[in-house]
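# Chain and residue survey
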Amino acid sequence: MADVVAGSPQISSGLEGVYITESSISKVDGTQGRLYYRGYSIDVLAKNSNFEEVVFLLLYGKLPTADELSEITKQLADARDLPDGVISIIKEQVGKADPMDILRTATSALSAYDSETADMSKEANMRKAIRIISKASSIVATTGRIMAGGSYVTPDKSIGHVANFMYMLNNKMPDKLQLDIMRDMFIIHAEHSSNASTFGTMVAGSTLADLYAAVTAGIAVLKGPLHGGADEAALKMMKQIGDPQNTEKYIESALAGKQKVMGFGHRVYKAYDPRARIIKEYLISLQADASPELRNYTEIALRAEKMMVDKLGQSHGIWPNVDFFAGPVYTAAGIPLEIFTPIFAASRTAGWCAHMIEYWQNNRLFRPLEKYTGQIDLQYVPLDKR
Ligand code: ACO
(Lines give C-alpha, C1' and ligand atoms only; values in the text may rest on other atoms or scores of the structure.)
Protein backbone atom coordinates (compact mmCIF):
# COMPACT_ATOMS: atom_id res chain seq x y z
CA MET A 1 0.00 0.00 0.00
CA ALA A 2 1.19 3.52 -0.75
CA ASP A 3 2.48 5.48 2.22
CA VAL A 4 -0.26 8.02 2.93
CA VAL A 5 0.01 10.44 5.83
CA ALA A 6 -3.07 12.47 6.72
CA GLY A 7 -4.51 12.01 3.22
CA SER A 8 -1.39 13.21 1.45
CA PRO A 9 0.89 10.70 -0.30
CA GLN A 10 4.53 10.76 0.80
CA ILE A 11 6.76 11.19 -2.21
CA SER A 12 10.28 9.80 -2.04
CA SER A 13 12.04 11.92 -4.64
CA GLY A 14 14.27 9.75 -6.80
CA LEU A 15 12.93 6.76 -4.80
CA GLU A 16 15.55 7.63 -2.17
CA GLY A 17 15.43 5.22 0.74
CA VAL A 18 12.79 2.99 -0.91
CA TYR A 19 13.35 -0.79 -0.86
CA ILE A 20 11.98 -2.41 -4.03
CA THR A 21 12.77 -6.08 -3.42
CA GLU A 22 14.88 -8.60 -1.52
CA SER A 23 18.09 -9.74 -3.17
CA SER A 24 21.07 -11.88 -2.27
CA ILE A 25 23.26 -10.68 -5.14
CA SER A 26 25.19 -7.76 -3.68
CA LYS A 27 25.35 -5.58 -0.63
CA VAL A 28 26.32 -1.92 -0.73
CA ASP A 29 27.21 -0.71 2.76
CA GLY A 30 27.01 3.03 2.24
CA THR A 31 28.01 3.90 5.78
CA GLN A 32 31.16 1.80 6.01
CA GLY A 33 32.01 2.13 2.31
CA ARG A 34 31.95 -1.63 1.66
CA LEU A 35 30.70 -3.69 -1.29
CA TYR A 36 30.06 -7.43 -1.40
CA TYR A 37 29.15 -9.67 -4.33
CA ARG A 38 27.29 -12.70 -2.92
CA GLY A 39 29.03 -12.09 0.42
CA TYR A 40 32.56 -11.69 -0.98
CA SER A 41 34.19 -8.30 -0.49
CA ILE A 42 35.01 -6.46 -3.70
CA ASP A 43 38.59 -6.00 -2.42
CA VAL A 44 39.04 -9.76 -2.15
CA LEU A 45 37.52 -10.38 -5.56
CA ALA A 46 39.57 -7.67 -7.29
CA LYS A 47 42.73 -9.18 -5.80
CA ASN A 48 42.01 -12.84 -6.45
CA SER A 49 39.31 -13.44 -9.01
CA ASN A 50 38.68 -13.06 -12.73
CA PHE A 51 35.66 -11.93 -14.73
CA GLU A 52 34.44 -15.42 -15.62
CA GLU A 53 34.48 -16.44 -11.95
CA VAL A 54 32.60 -13.27 -10.98
CA VAL A 55 29.98 -13.95 -13.66
CA PHE A 56 29.47 -17.44 -12.23
CA LEU A 57 29.32 -16.05 -8.70
CA LEU A 58 26.70 -13.47 -9.63
CA LEU A 59 24.55 -15.84 -11.69
CA TYR A 60 24.78 -18.96 -9.52
CA GLY A 61 25.32 -17.45 -6.06
CA LYS A 62 28.51 -19.34 -5.19
CA LEU A 63 32.11 -19.55 -6.29
CA PRO A 64 32.56 -22.15 -9.04
CA THR A 65 34.46 -25.40 -8.67
CA ALA A 66 37.33 -25.86 -11.13
CA ASP A 67 35.04 -27.80 -13.51
CA GLU A 68 32.29 -25.20 -13.25
CA LEU A 69 34.77 -22.42 -13.93
CA SER A 70 36.14 -24.09 -17.02
CA GLU A 71 32.57 -24.78 -18.22
CA ILE A 72 31.41 -21.15 -17.86
CA THR A 73 34.70 -19.93 -19.36
CA LYS A 74 34.03 -22.14 -22.38
CA GLN A 75 30.40 -21.03 -22.65
CA LEU A 76 31.38 -17.35 -22.59
CA ALA A 77 34.15 -17.98 -25.15
CA ASP A 78 31.86 -19.97 -27.46
CA ALA A 79 29.32 -17.11 -27.49
CA ARG A 80 31.77 -14.35 -28.50
CA ASP A 81 31.09 -14.14 -32.23
CA LEU A 82 28.74 -11.42 -33.42
CA PRO A 83 26.12 -12.03 -36.12
CA ASP A 84 26.88 -10.27 -39.44
CA GLY A 85 23.73 -8.17 -39.03
CA VAL A 86 25.00 -6.80 -35.71
CA ILE A 87 28.45 -6.07 -37.13
CA SER A 88 26.70 -4.15 -39.93
CA ILE A 89 24.76 -2.08 -37.39
CA ILE A 90 28.00 -1.18 -35.62
CA LYS A 91 29.73 -0.26 -38.90
CA GLU A 92 26.76 1.81 -40.00
CA GLN A 93 26.55 3.74 -36.72
CA VAL A 94 30.20 4.41 -35.84
CA GLY A 95 30.85 8.10 -36.38
CA LYS A 96 27.12 8.90 -36.24
CA ALA A 97 26.00 7.61 -32.86
CA ASP A 98 27.52 7.68 -29.38
CA PRO A 99 29.13 4.29 -28.58
CA MET A 100 26.61 3.79 -25.73
CA ASP A 101 23.80 4.21 -28.26
CA ILE A 102 25.52 1.75 -30.57
CA LEU A 103 25.79 -0.75 -27.71
CA ARG A 104 22.11 -0.24 -26.87
CA THR A 105 20.99 -0.72 -30.48
CA ALA A 106 23.30 -3.66 -31.17
CA THR A 107 22.32 -5.44 -27.93
CA SER A 108 18.68 -4.98 -28.78
CA ALA A 109 19.33 -6.36 -32.28
CA LEU A 110 20.95 -9.51 -30.82
CA SER A 111 17.46 -10.69 -29.86
CA ALA A 112 16.72 -11.35 -33.54
CA TYR A 113 19.53 -13.91 -33.72
CA ASP A 114 18.67 -15.88 -30.59
CA SER A 115 16.17 -18.70 -31.04
CA GLU A 116 15.49 -18.59 -27.27
CA THR A 117 14.64 -14.88 -27.04
CA ALA A 118 11.00 -15.53 -26.12
CA ASP A 119 11.69 -18.55 -23.89
CA MET A 120 11.20 -17.26 -20.34
CA SER A 121 12.27 -20.46 -18.56
CA LYS A 122 15.05 -19.96 -16.02
CA GLU A 123 17.30 -22.36 -17.92
CA ALA A 124 16.88 -20.42 -21.18
CA ASN A 125 17.44 -17.13 -19.37
CA MET A 126 20.69 -18.44 -17.86
CA ARG A 127 21.86 -19.43 -21.34
CA LYS A 128 20.82 -16.06 -22.77
CA ALA A 129 22.61 -14.29 -19.92
CA ILE A 130 25.88 -15.96 -20.93
CA ARG A 131 25.35 -14.94 -24.56
CA ILE A 132 24.49 -11.34 -23.64
CA ILE A 133 27.43 -10.98 -21.24
CA SER A 134 29.80 -12.45 -23.80
CA LYS A 135 28.55 -10.54 -26.85
CA ALA A 136 28.21 -7.14 -25.12
CA SER A 137 32.00 -7.08 -24.74
CA SER A 138 32.42 -8.09 -28.40
CA ILE A 139 30.10 -5.24 -29.43
CA VAL A 140 32.08 -2.69 -27.43
CA ALA A 141 35.44 -3.99 -28.67
CA THR A 142 34.20 -3.98 -32.28
CA THR A 143 32.87 -0.44 -31.89
CA GLY A 144 36.27 0.71 -30.61
CA ARG A 145 38.06 -1.19 -33.38
CA ILE A 146 35.93 0.33 -36.13
CA MET A 147 36.24 3.82 -34.54
CA ALA A 148 40.00 3.39 -34.84
CA GLY A 149 39.65 2.62 -38.57
CA GLY A 150 39.92 -1.17 -38.26
CA SER A 151 37.44 -3.91 -38.97
CA TYR A 152 35.81 -6.76 -37.04
CA VAL A 153 38.37 -8.97 -35.34
CA THR A 154 37.27 -12.59 -35.10
CA PRO A 155 37.31 -13.49 -31.41
CA ASP A 156 39.97 -15.81 -30.06
CA LYS A 157 38.14 -18.51 -28.11
CA SER A 158 41.30 -19.87 -26.55
CA ILE A 159 41.88 -16.88 -24.25
CA GLY A 160 39.99 -15.36 -21.32
CA HIS A 161 37.07 -12.95 -21.62
CA VAL A 162 39.00 -9.78 -20.81
CA ALA A 163 42.05 -10.75 -22.88
CA ASN A 164 39.75 -11.40 -25.83
CA PHE A 165 38.04 -8.04 -25.31
CA MET A 166 41.43 -6.32 -25.61
CA TYR A 167 42.38 -8.53 -28.55
CA MET A 168 39.18 -7.65 -30.47
CA LEU A 169 39.67 -3.96 -29.62
CA ASN A 170 43.30 -3.67 -30.70
CA ASN A 171 43.80 -6.67 -33.00
CA LYS A 172 46.68 -7.68 -30.82
CA MET A 173 47.13 -9.44 -27.52
CA PRO A 174 47.19 -7.16 -24.45
CA ASP A 175 50.36 -6.88 -22.38
CA LYS A 176 50.27 -7.89 -18.73
CA LEU A 177 49.62 -4.38 -17.44
CA GLN A 178 46.65 -3.84 -19.78
CA LEU A 179 45.25 -7.21 -18.86
CA ASP A 180 45.62 -6.63 -15.11
CA ILE A 181 43.97 -3.22 -15.32
CA MET A 182 41.07 -4.38 -17.45
CA ARG A 183 40.50 -7.54 -15.42
CA ASP A 184 40.07 -5.36 -12.32
CA MET A 185 37.83 -2.88 -14.12
CA PHE A 186 35.57 -5.68 -15.38
CA ILE A 187 35.31 -7.17 -11.88
CA ILE A 188 34.70 -3.85 -10.14
CA HIS A 189 31.97 -2.78 -12.54
CA ALA A 190 30.09 -6.09 -12.73
CA GLU A 191 27.40 -5.42 -10.13
CA HIS A 192 26.05 -2.77 -7.76
CA SER A 193 22.59 -3.63 -6.37
CA SER A 194 19.50 -1.64 -7.34
CA ASN A 195 21.11 1.41 -8.89
CA ALA A 196 19.33 3.33 -11.65
CA SER A 197 20.35 1.03 -14.51
CA THR A 198 19.65 -2.20 -12.62
CA PHE A 199 16.30 -0.78 -11.60
CA GLY A 200 15.67 0.22 -15.23
CA THR A 201 16.48 -3.33 -16.27
CA MET A 202 14.11 -4.70 -13.63
CA VAL A 203 11.27 -2.32 -14.53
CA ALA A 204 11.47 -3.47 -18.16
CA GLY A 205 11.79 -7.13 -17.17
CA SER A 206 8.97 -6.93 -14.63
CA THR A 207 6.54 -6.59 -17.54
CA LEU A 208 7.84 -10.03 -18.63
CA ALA A 209 9.61 -8.44 -21.56
CA ASP A 210 12.53 -10.71 -22.45
CA LEU A 211 16.12 -10.50 -21.19
CA TYR A 212 17.35 -8.63 -24.28
CA ALA A 213 14.68 -5.97 -23.76
CA ALA A 214 15.53 -5.69 -20.08
CA VAL A 215 19.30 -5.37 -20.64
CA THR A 216 18.72 -2.89 -23.46
CA ALA A 217 16.78 -0.73 -20.97
CA GLY A 218 19.68 -1.03 -18.50
CA ILE A 219 22.15 0.24 -21.11
CA ALA A 220 19.89 3.19 -21.90
CA VAL A 221 19.74 4.13 -18.23
CA LEU A 222 23.47 3.73 -17.60
CA LYS A 223 24.39 6.25 -20.29
CA GLY A 224 23.66 9.45 -18.38
CA PRO A 225 26.41 11.47 -16.66
CA LEU A 226 24.68 11.19 -13.28
CA HIS A 227 25.25 7.43 -13.52
CA GLY A 228 27.73 5.45 -15.68
CA GLY A 229 28.50 8.34 -18.00
CA ALA A 230 30.36 10.09 -15.18
CA ASP A 231 33.60 8.20 -15.97
CA GLU A 232 33.85 9.94 -19.35
CA ALA A 233 32.69 13.27 -17.91
CA ALA A 234 35.35 13.10 -15.16
CA LEU A 235 38.19 12.55 -17.63
CA LYS A 236 36.82 15.33 -19.87
CA MET A 237 36.98 17.59 -16.82
CA MET A 238 40.61 16.60 -16.20
CA LYS A 239 41.40 17.36 -19.85
CA GLN A 240 39.71 20.73 -19.47
CA ILE A 241 41.72 21.52 -16.33
CA GLY A 242 44.80 20.73 -18.42
CA ASP A 243 47.53 22.00 -16.11
CA PRO A 244 47.48 20.57 -12.57
CA GLN A 245 48.10 24.11 -11.24
CA ASN A 246 44.57 25.00 -12.45
CA THR A 247 42.87 22.26 -10.45
CA GLU A 248 41.93 24.14 -7.29
CA LYS A 249 40.71 27.19 -9.21
CA TYR A 250 38.56 24.96 -11.45
CA ILE A 251 36.99 23.07 -8.54
CA GLU A 252 36.47 26.27 -6.54
CA SER A 253 34.63 27.88 -9.42
CA ALA A 254 32.59 24.73 -10.19
CA LEU A 255 31.40 24.57 -6.60
CA ALA A 256 30.75 28.31 -6.44
CA GLY A 257 28.62 27.95 -9.59
CA LYS A 258 26.69 25.05 -7.97
CA GLN A 259 28.00 22.68 -10.64
CA LYS A 260 28.41 19.03 -9.80
CA VAL A 261 31.94 17.71 -10.01
CA MET A 262 31.67 14.47 -11.97
CA GLY A 263 32.95 11.35 -10.26
CA PHE A 264 31.96 12.54 -6.77
CA GLY A 265 28.91 11.81 -4.66
CA HIS A 266 26.65 8.80 -4.48
CA ARG A 267 23.09 8.15 -3.44
CA VAL A 268 24.07 5.27 -1.15
CA TYR A 269 27.76 5.72 -0.29
CA LYS A 270 28.16 8.44 2.27
CA ALA A 271 31.69 7.11 2.81
CA TYR A 272 34.54 6.50 0.37
CA ASP A 273 33.37 4.22 -2.47
CA PRO A 274 35.48 1.04 -2.08
CA ARG A 275 35.71 0.72 -5.87
CA ALA A 276 37.17 4.22 -6.14
CA ARG A 277 39.74 3.26 -3.50
CA ILE A 278 40.83 0.20 -5.49
CA ILE A 279 41.09 2.20 -8.72
CA LYS A 280 42.97 5.02 -6.99
CA GLU A 281 45.49 2.58 -5.52
CA TYR A 282 45.93 1.14 -8.99
CA LEU A 283 46.54 4.57 -10.43
CA ILE A 284 49.18 5.34 -7.82
CA SER A 285 50.88 2.00 -8.44
CA LEU A 286 51.22 2.93 -12.12
CA GLN A 287 53.19 6.12 -11.48
CA ALA A 288 56.69 4.65 -11.72
CA ASP A 289 56.35 4.04 -15.46
CA ALA A 290 53.65 6.57 -16.21
CA SER A 291 53.60 8.65 -19.40
CA PRO A 292 53.61 12.46 -18.98
CA GLU A 293 49.88 12.44 -19.90
CA LEU A 294 49.07 9.91 -17.18
CA ARG A 295 51.18 11.76 -14.61
CA ASN A 296 49.31 14.93 -15.44
CA TYR A 297 45.90 13.29 -15.04
CA THR A 298 47.01 11.68 -11.80
CA GLU A 299 48.16 14.96 -10.29
CA ILE A 300 44.93 16.67 -11.32
CA ALA A 301 42.86 13.78 -9.97
CA LEU A 302 44.66 13.72 -6.62
CA ARG A 303 44.50 17.49 -6.18
CA ALA A 304 40.80 17.57 -7.10
CA GLU A 305 40.12 14.68 -4.76
CA LYS A 306 41.88 16.41 -1.86
CA MET A 307 39.95 19.61 -2.36
CA MET A 308 36.58 17.89 -2.74
CA VAL A 309 37.15 15.66 0.26
CA ASP A 310 38.34 18.59 2.41
CA LYS A 311 35.31 20.64 1.46
CA LEU A 312 32.55 18.05 1.12
CA GLY A 313 33.78 14.69 2.46
CA GLN A 314 33.01 14.47 6.17
CA SER A 315 30.70 17.48 6.12
CA HIS A 316 28.40 16.44 3.23
CA GLY A 317 29.20 12.76 2.66
CA ILE A 318 30.45 13.50 -0.85
CA TRP A 319 33.44 11.30 -1.73
CA PRO A 320 34.97 10.02 -4.96
CA ASN A 321 32.86 7.32 -6.61
CA VAL A 322 33.82 4.49 -8.97
CA ASP A 323 33.91 6.87 -11.94
CA PHE A 324 36.42 9.44 -10.72
CA PHE A 325 39.76 7.64 -11.08
CA ALA A 326 38.56 5.29 -13.84
CA GLY A 327 39.50 7.57 -16.76
CA PRO A 328 43.22 7.86 -15.99
CA VAL A 329 43.43 4.11 -15.36
CA TYR A 330 41.66 3.29 -18.64
CA THR A 331 44.07 5.71 -20.31
CA ALA A 332 46.98 3.70 -18.90
CA ALA A 333 45.49 0.63 -20.57
CA GLY A 334 45.19 2.48 -23.89
CA ILE A 335 41.39 2.62 -23.85
CA PRO A 336 39.80 5.56 -25.72
CA LEU A 337 37.51 7.79 -23.66
CA GLU A 338 34.47 7.18 -25.88
CA ILE A 339 34.19 3.56 -24.79
CA PHE A 340 34.69 3.95 -21.01
CA THR A 341 30.94 3.85 -20.31
CA PRO A 342 30.28 1.05 -22.83
CA ILE A 343 32.94 -1.04 -21.05
CA PHE A 344 31.16 -0.33 -17.77
CA ALA A 345 27.93 -1.52 -19.41
CA ALA A 346 29.52 -4.63 -20.91
CA SER A 347 30.75 -5.65 -17.48
CA ARG A 348 27.48 -4.69 -15.76
CA THR A 349 25.46 -6.99 -18.05
CA ALA A 350 26.47 -9.65 -15.50
CA GLY A 351 24.74 -7.84 -12.64
CA TRP A 352 21.71 -6.90 -14.73
CA CYS A 353 21.16 -10.49 -15.87
CA ALA A 354 21.65 -11.85 -12.35
CA HIS A 355 19.12 -9.38 -10.94
CA MET A 356 16.59 -10.04 -13.67
CA ILE A 357 16.77 -13.81 -13.28
CA GLU A 358 16.50 -13.50 -9.50
CA TYR A 359 13.57 -11.07 -9.72
CA TRP A 360 11.67 -13.27 -12.18
CA GLN A 361 11.58 -16.03 -9.56
CA ASN A 362 9.02 -13.91 -7.74
CA ASN A 363 8.07 -11.33 -10.35
CA ARG A 364 5.75 -8.45 -9.66
CA LEU A 365 5.11 -5.66 -12.15
CA PHE A 366 6.65 -2.35 -11.08
CA ARG A 367 3.94 0.25 -11.07
CA PRO A 368 4.52 3.16 -8.67
CA LEU A 369 2.22 6.13 -8.28
CA GLU A 370 2.48 9.84 -8.84
CA LYS A 371 0.66 12.60 -7.03
CA TYR A 372 -1.41 14.39 -9.65
CA THR A 373 -1.14 18.17 -9.37
CA GLY A 374 -3.10 19.18 -12.49
CA GLN A 375 -6.78 20.02 -12.97
CA ILE A 376 -9.69 17.73 -13.82
CA ASP A 377 -12.96 17.95 -15.78
CA LEU A 378 -11.83 20.92 -17.88
CA GLN A 379 -14.24 21.96 -20.59
CA TYR A 380 -13.07 20.89 -24.06
CA VAL A 381 -12.94 23.95 -26.34
CA PRO A 382 -13.15 23.21 -30.08
CA LEU A 383 -10.02 24.19 -32.04
CA ASP A 384 -11.63 27.14 -33.84
CA LYS A 385 -12.77 28.63 -30.52
CA ARG A 386 -9.37 28.63 -28.70
N1 ACO B 1 29.67 17.79 -6.81
C2 ACO B 1 29.20 18.82 -6.09
N3 ACO B 1 28.10 18.76 -5.32
C4 ACO B 1 27.45 17.59 -5.27
C5 ACO B 1 27.88 16.47 -5.98
C6 ACO B 1 29.04 16.61 -6.77
N7 ACO B 1 29.49 15.58 -7.50
N8 ACO B 1 27.05 15.44 -5.75
C9 ACO B 1 26.10 15.90 -4.93
N10 ACO B 1 26.34 17.21 -4.64
C11 ACO B 1 25.53 18.08 -3.80
C12 ACO B 1 24.34 18.59 -4.59
O13 ACO B 1 24.65 19.78 -5.29
C14 ACO B 1 23.32 18.82 -3.51
O15 ACO B 1 23.64 19.99 -2.83
P16 ACO B 1 22.47 20.93 -2.22
O17 ACO B 1 21.80 20.07 -1.19
O18 ACO B 1 23.22 22.08 -1.67
O19 ACO B 1 21.58 21.26 -3.37
C20 ACO B 1 23.59 17.65 -2.56
O21 ACO B 1 24.97 17.30 -2.76
C22 ACO B 1 22.72 16.43 -2.84
O23 ACO B 1 22.83 16.13 -4.24
P24 ACO B 1 21.82 15.18 -5.03
O25 ACO B 1 22.15 15.24 -6.46
O26 ACO B 1 20.41 15.46 -4.61
O27 ACO B 1 22.17 13.81 -4.35
P28 ACO B 1 21.93 12.39 -4.92
O29 ACO B 1 21.75 11.47 -3.80
O30 ACO B 1 20.86 12.38 -5.95
O31 ACO B 1 23.38 12.20 -5.57
C32 ACO B 1 24.50 11.67 -7.56
C33 ACO B 1 23.82 11.16 -6.29
C34 ACO B 1 23.42 11.88 -8.62
C35 ACO B 1 25.44 10.57 -8.00
C36 ACO B 1 25.27 12.99 -7.33
O37 ACO B 1 26.22 12.84 -6.29
C38 ACO B 1 25.96 13.46 -8.60
O39 ACO B 1 25.31 14.03 -9.46
N40 ACO B 1 27.29 13.22 -8.74
C41 ACO B 1 28.00 13.58 -9.96
C42 ACO B 1 27.75 12.56 -11.05
C43 ACO B 1 28.43 11.23 -10.77
O44 ACO B 1 29.59 11.19 -10.42
N45 ACO B 1 27.67 10.16 -10.97
C46 ACO B 1 28.19 8.79 -10.82
C47 ACO B 1 27.65 8.15 -9.58
S48 ACO B 1 28.32 6.49 -9.39
C49 ACO B 1 27.49 5.59 -10.56
O50 ACO B 1 26.36 5.85 -10.86
C51 ACO B 1 28.19 4.50 -11.24
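Details of the structure are given in the entry above.
In short, a report on the structure. (Residues numbered from 1 in each chain as written. Predicted model: local features only at pLDDT ≥ 70, side-chain atom pairs only at ≥ 80, totals over all residues. Heavy atoms only, no water.)

### Here's the deal with the packing of aromatic side chains
Per the stated rule, a full pass over the model turns up nine aromatic pairs. Look at Phe51 and Phe186: their rings are 5.2 Å apart centre to centre, the planes differ by 75°, and that puts the pair in the edge-to-face class. With Phe51 in helix α2 (residues 51–60) and Phe186 in helix α8 (residues 176–188), this pair connects stretches of sequence that are 135 residues apart. In this structure, Phe51 and Phe186 share a single accessibility class: buried. These aromatic residues form a ring-pair network of at least three members: Phe51, Phe165 and Phe186. Its end group placed over the ring of Tyr272, Arg277 keeps NZ or CZ at 4.4 Å from the ring centre. (Phe/Tyr/Trp six-rings, centres within 6.5 Å; stacked < 30°, edge-to-face > 60°. Helix = DSSP H or I, 4+ residues; strand = E, 2+ residues; numbered from the N terminus. Buried < 20%, exposed > 50% of the residue type's maximum accessible area, 1.4 Å probe, protein only. Lys NZ or Arg CZ within 6 Å of the ring centre and 35° of its normal.)

### What about the site of the ligand?
Residues in close proximity to the ligand total 21 residues, the closest being His227, Lys260, Val261, Phe264 and Arg267. His227 is positioned such that a nitrogen or oxygen atom in its side chain is 2.7 Å from an oxygen atom of the ligand. Note that an oxygen atom of the ligand is positioned 2.8 Å from one of the backbone N or O atoms of Gly263. For the ligand, whose unbound accessible area comes to 920 Å², protein coverage reaches 68%. Classifying every residue of the shell around the ligand gives 11 nonpolar, six polar and four charged. (Near = heavy atom within 4 Å. Polar contact = N/O pair within 3.5 Å; in protein donor to acceptor, adjacent residues only side chain to side chain. Areas by Shrake-Rupley, 256 points an atom, 1.4 Å probe, with all protein chains shown as cover. Nonpolar A, V, L, I, M, F, W, Y, C, P; charged D, E, K, R; others polar.)

### A word on the sheet that holds strand β4 (residues 34–37)
Hydrogen bonds along the backbone pair up the strands of a sheet, which may run parallel or antiparallel. With antiparallel pairing, three strands are arranged side by side in an open sheet as β3-β4-β5. The sheet is open, and its two borders are formed by β3 (26–29) and β5 (40–41), each paired with just one other strand. Pairing of β3 with β4, which is carried by four bridges, proceeds in the antiparallel orientation. What sits directly across from Lys27, in β4, is Tyr36. (Pairing = 2+ DSSP bridges.)

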